[in-house]
Amino acid sequence: MAAVSLSSLQFSSQTVQTRVNRKKYNNVKSNDDAVKDVERLLEQKRREELSARIASGEFTVEKSSFQSQLKSNLLKLGVSKEILEFIFNLTGGPEYYPRIPEAKGSIKAIRSEPFFIPLYELYLTYGGIFRLTFGPKSFLIVSDPSIAKHILKDNPKSYSKGILAEILDFVMGKGLIPADGEIWRVRRRVIVPALHQKFVAAMFSLFGQATDRLCQKLDAAAADGEDVEMESLFSRLTLDIIGKAVFNYDFDSLKVDTGIVEAVYTVLREAEDRSTAPIPFWEIPIWKDISPKLKKVNTALKLVNETLDNLIAICKKMVDEEELQFHEEYMNEQDPSILHFLLASGDDVTSKQLRDDLMTLLIAGHETSAAVLTWTFYLLSQDPRVMAKLQNEVDSVLGDRFPTVEDMKKLRYTTRVINESLRLYPQPPVLIRRSLENDILGKYPIKSGEDIFISVWNLHRSPNHWEDADKFNPERWPLDGPNPNETNQNFSYLPFGGGPRKCIGDMFATFENIVAVSMLVRRFDFQLALGAPPVKMTTGATIHTTEGLKMTVTRRRRPPIIPTLEIPTVKVDSSVNIAQVETVSGQKDEVSSAIS
Ligand code: HEM
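Residues numbered from 1 in each chain as written. Predicted model: local features only at pLDDT ≥ 70, side-chain atom pairs only at ≥ 80, totals over all residues. Heavy atoms only, no water.

**Here we look at the overall build of the chain**
Quick note on the threshold: Counting from the N terminus, the helices are DSSP H or I runs at least four residues long and the strands are E runs at least two residues long. The contact rule is simple, with two residues in contact once any of their heavy atoms fall within 4.5 Å.
Along the chain, the regular secondary structure elements total 22 helices and 13 strands. A separation threshold of at least 6 residues defines the contact pool for the chain, and within that pool the share at least 24 residues apart is 76%.

**So, the sheet that holds strand E10 (residues 524-528)**
Operational definition: Strand pairing is assigned whenever DSSP detects at least two bridges linking the two strands. Axis definition: a line fit to C-alpha positions, over the contact stretch in the case of helices; interaxial angles, taken between N-to-C directions, run 0 to 180 degrees.
Across the sheet, 3 strands lie side by side as E5-E13-E10; this open sheet has antiparallel pairing. Looking along the sheet, the strands with just one partner apiece sit at the ends: strand E5 (228-229) and E10. Where E5 meets strand E13 (residues 550-555), 2 bridges bridge the pair, whose relative direction is antiparallel. In the strand pairing of E13, Glu229 is matched with Lys550. Helix H10 (residues 197-224) rests against E5, E10 and E13 of the sheet, and its axis sits at about 90 degrees to E13.

**A look at the packing of helix H12 (residues 259-276) against helix H16 (residues 351-382)**
Let me state the cut-off plainly: With respect to orientation, any angle under 35 degrees is reported as roughly parallel, any angle over 145 as roughly antiparallel, any angle of 65 to 115 as roughly perpendicular, and every other angle as oblique. Three classes are used: nonpolar for Ala, Val, Leu, Ile, Met, Phe, Trp, Tyr, Cys and Pro, charged for Asp, Glu, Lys and Arg, and polar for all others, with Gly counted as polar.
In contact at an axis separation of 12 Å, H12 and H16 are set at 80 degrees when each is read in the N-to-C sense. One finds that H12 runs roughly perpendicular with respect to H16. Mapping the contact onto sequence places Val264, Tyr265, Val267, Leu268, Arg269 and Glu272 in H12 and Met359, Leu362, Ile363, His366 and Glu367 in H16. For the contact of H12 with H16, the per-class residue count stands at 7 nonpolar, 1 polar and 3 charged.

**What about the nonpolar core?**
Which entries qualify depends on this criterion: Working definition of a nonpolar core: buried Ala, Val, Leu, Ile, Met, Phe, Trp, Tyr and Cys residues. They are joined through side-chain atoms within 4.5 Å. Three exposure classes are used, based on accessible area relative to the maximum for each residue type with a 1.4 Å probe and protein chains only: buried under 20%, partly exposed in between, and exposed over 50%.
Within the largest apolar cluster, 138 residues are counted, with the highest numbers of intra-cluster contacts made by Val171, Leu218 and Phe526. With 14 residues, H16 is the largest single contributor of residues to this core. Within the second largest apolar cluster, 19 residues are counted, among which are Leu152, Leu441, Leu459 and Leu494.

**Examining the site of the ligand**
Formally: We call a residue near a molecule or strand whenever a single non-hydrogen atom of that residue lies within 4 Å of it. Between N or O atoms, a polar contact is any pair within 3.5 Å; within protein, one atom must be a potential hydrogen donor and the other a potential acceptor, and residues adjacent in sequence are included only when both atoms are from side chains.
Around the ligand sit 28 residues, and of these Trp184, Arg188, Arg433, Arg501 and Cys503 come closest. Within the side chain of Lys161, one N or O atom sits 3.3 Å away from an oxygen atom of the ligand. Within the side chain of Trp184, one N or O atom sits 2.7 Å away from an oxygen atom of the ligand. Contributions of two or more residues to the shell around the ligand are made by helix H9 (181-191), H16, strand E6 (430-435) and helix H21 (506-523). In terms of residue count, H16 provides more of the shell around the ligand than any other element does, 6 residues in total. The residue makeup of the shell around the ligand, split by class, is 16 nonpolar, 7 polar and 5 charged.

As structure tokens, this is what we get:
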């Protein structure tokens, strides 16, 4: 009940914000303070409500264990502290260490809103590591940068992907995201080289062409005065890009709705549903055979798998017929895809494993980038000042050209806007791990088999690390400073994870997002559509909106926007080292540490 009213409070907060923001266009300065007051009041109300929930016992600290209760009773009876320490040390056990603070919850409370929101409130109460218990099941919630660093970077061998691997098995099998141990090590070593600099540079024409197709769609909508739902368009944009990049397949989903596009979405939605399901409904004996939904998922999965098998066969034939010598930066100009690289490299792998890897790359590279674009445009629609500054930069750097590799260094504010969007809306908002052996997290010992959520949402919004943590403020990252990453932010900022399991597509995704944002804001103005549903969050693997991001898109009048139809061919100038372009973190270091 309380959870429901908490979420309705968020609802009204966002409605107010939207309404007020629309007014901002007319009178930006005078309304700014009023907006802040309203936001502050609503935030205060939200906190009070949560405090009431905690006080009512909905989340309660567990009583101390038998040993510590016995200890405190004996202390009260006058037994000296030294004697007790001696006795309890002899009896062994983890009681020498403090116990992890514990919150108990009802699963209903968590399920009525995106689960990372109550986790944030609990973090403010219980601190950087606490145990959240639902009946017999418990999770450790980590929001402390040094503990996150320990798990991800200092001692990653003691942690697996745990529940995530179980949930994603039906679609990704032993692909790179869920894989652990030797399979992961071998596959990472094979796949990472496929995303070499020349490949990423070649992707610029793909990013530009795909975004141009989206621009054409928006042009038509603007001309007809129709509002557009941007979240689904971004999803289609990134699907078209990743399909070509990973296995040279043009989904063309911005133009047509083919069976395969629908099948991919059915599979993706199922993966997301499973990642938030309270019980594994897909394992229930009779149900799994008769459920119409599961039947649909299986049919869709079959179609996607057959399509992938076909693409692998076509690509194998191309590789057999070509005369190119394989080398470090090998790339077939007609088909620069990751699949082509893998086959040409002589990757000795079963077709099931190859399919798992392709599927993993498709999903990893699609939903994340789409979510980043969605929330970036939402944030921009809320802040005309940032939008104006962004458009200024893009106008002066790009003129009427398509963006190139060389522009990445110059589009600094654009990069900061995306850095900040990733801080406020990290994709995914939590990283999942399971301990494989006993370990010590901070001052607390933990046992093997603990399920752990590293809350990137909490790290990125912690009042301990960020000034005005909830404020969209790209200026917090100086333009002449380094590109923010987990290393230079000491694990308070983890947009692409960290340690040996860090994202392998960070460079690809960063450039893809910069190209898309710059081309779109160069050509159009974006505002939340009048009468559109309030923009609220819901979650699967990434953060989605509950009812889409409905926007009014208008062509910009000045300066005249006519993009050149010619796309400059990508020449890879050896003096431009993409790794030196300051948009990504030290991927090379991660790569070498992962394979050493
Ligand atoms: C803005 C877009 C993206 C974001 C925010 C993002 C974020 C992340 C994060 C946080 C992780 C670490 C997960 C963990 O530690 O549990 C990760 C892993 C991964 N990402 Fe990305 N990613 C993005 C785009 C991409 C793209 C475009 C690709 C592929 C071309 C990709 C492929 C992968 C793979 C394969 C892994 C698993 C690496 C491993 O476990 O060894 N990602 N991503």
